Every structure is written in structure tokens, then in C-alpha cells.
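This is what each chain is made of:
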Amino acid sequence: MGVPQVNFALDTYECIVIYPGAAGRALPAETVQRLQAEHAEHMQALQRRGIVLVAGSVDGPAREPDPPIGFGLARTGSVDDVRSVLEADPAVQAGLYRVEVLTFLCPAGSLEFPLVKAGS
């Protein structure tokens with residue numbers, strides 16, 4: 001599809017979408033709790049490093065059998081780099097979650113991340 005042809009500037013982000021993983025239902029409850037805590041720590045570390053700008057859980061009706069359970073935005077300039085650091089997440093490696101990283105385009109200057117600015 002590519003970059004849309006518009007008459008205004010665009011900002012480019014990496015859109016992170018987290019889904020339930022194939023192994024999630026088979027894991028013991030204690031393992032799921034541990035992996036969820038490790039996942040939260042991993043995401044917070046990525047935010048402190050300035051890789052992930054914002055991330056959180058999503059909930060609500062969706063059309064596919066395994067709806068997304070998390071969403072985030074990064075701004076590194078590389079979908080592959082973001083995918084790589086997310087695939088290092090212990091919960092992704094254990095199969096509790098799976099992750100997709102897409103390019104997200106929006107009008108330049110339309111998003112602000114005050115927590116990122118406050119932390120820098």
C-alpha cells in the first residue's frame with residue numbers, strides 16, 4: 001500500500017499490537033502471572049530507553065477469534081528493530097503473547113507523549 005499521497009506532512013511510528021499467544025491457554029496460572037509481570041517490566045524498560053512511547057492494554061469486542069489485548073507506539077524508524085526488542089519479551093518467547101509491528105502514519109505533530117518528555 002505504501003505511504004499515502006497527501007498535501008501535508010506525516011509522522012511515522014511503529015504500531016505495536018499484542019495478541020494472545022498459542023501457548024497461553026496451556027500455561028499454569030502461576031506461570032502466566034510471572035510472565036505478565038516480566039512483560040510489564042520489559043515494556044517499562046523499553047519506555048525508559050525511549051524505544052516505546054506509549055503502551056497499554058486494550059479490551060472490548062473485536063471481530064477475530066483472538067482479539068488484540070495490547071497496543072503501543074514506538075518511534076525508532078525501524079519496524080524490524082521494534083519487532084526484535086518485542087520478540088525478546090519473556091512473555092512472547094514463552095508463547096503467552098504474540099506481537100505484530102506495523103507502520104502507523106498520522107498528520108505531523110498530531111501526537112504528543114508528555115510522559116516521554118517528562119522522563120527525558
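As a reminder, the structure under discussion sits directly above these lines.
What you see is a predicted model; the values in this text were computed from it and never measured.

K.L.:
I keep staring at helix α2 (residues 79-87) and nothing clicks. Help me out?
P.N.:
Along an α-helix, residues three or four apart share an orientation, since each turn contains 3.6 residues. Here α2 has its buried residues at Val 82, Val 85 and Leu 86. Looking straight down α2, one finds its buried side chains confined to an arc of 100 degrees; they lie on one side.

K.L.:
It is not clear to me how the layout of surface pockets should be interpreted in this structure. Could you clarify?
P.N.:
Taking a probe equal in size to a water molecule and rolling it over the atoms shows the remaining empty space. Each pocket or cavity is described by its volume, and for the largest pocket that value is around 270 Å³. Of all elements in the fold, only β1 (10-20), α1 (29-48), β2 (52-57) and β3 (70-74) reach the threshold of two or more residues within the lining of the largest pocket. Across the lining of the largest pocket, the residue classes break down as eight nonpolar, seven polar and no charged.

K.L.:
Before we go on, may I ask you to explain the sheet that holds strand β4 (residues 97-107) in this structure?
P.N.:
Within a sheet, each strand pairs with its neighbour through backbone hydrogen bonds, oriented either parallel or antiparallel. Taken in spatial order, the four strands make up an open sheet running β2-β3-β1-β4, and their pairing is antiparallel. Because the sheet does not close on itself, it has two edges, and the strands there are β2 and β4. Strand-to-strand, the axes of this sheet are offset by a mean angle of 20 degrees, without reference to chain direction. As paired elements, β1 and β4 share 11 bridges and run antiparallel to each other. Paired with Tyr 13 across the strands is Phe 104, a residue of β4. Seen against the sheet, α1 touches β1, β2 and β4 and runs at an angle of roughly 155 degrees to β2. On top of the sheet, α2 reaches β1, β3 and β4; it is set at about 150 degrees to β4, its chief contact.

What counts, and at which threshold
- Residues numbered from 1 in each chain as written.
- Predicted model: local features only at pLDDT ≥ 70, side-chain atom pairs only at ≥ 80, totals over all residues.
- Heavy atoms only, no water.
- Buried < 20%, exposed > 50% of the residue type's maximum accessible area, 1.4 Å probe, protein only.
- Helix = DSSP H or I, 4+ residues; strand = E, 2+ residues; numbered from the N terminus.
- Arc of directions from axis to C-beta.
- 1 Å grid on protein atoms, 1.4 Å probe; cavity = no way out; pocket = protein on both sides within 12 Å on 5 of 7 lines; lining within 4 Å.
- Points joined across faces, edges and corners; volume = space filled by probe spheres on them.
- Nonpolar A, V, L, I, M, F, W, Y, C, P; charged D, E, K, R; others polar.
- Pairing = 2+ DSSP bridges.
- Axes fitted to C-alpha atoms, helices over the stretch in contact; angles between N-to-C directions.
- Contact = heavy atoms within 4.5 Å.

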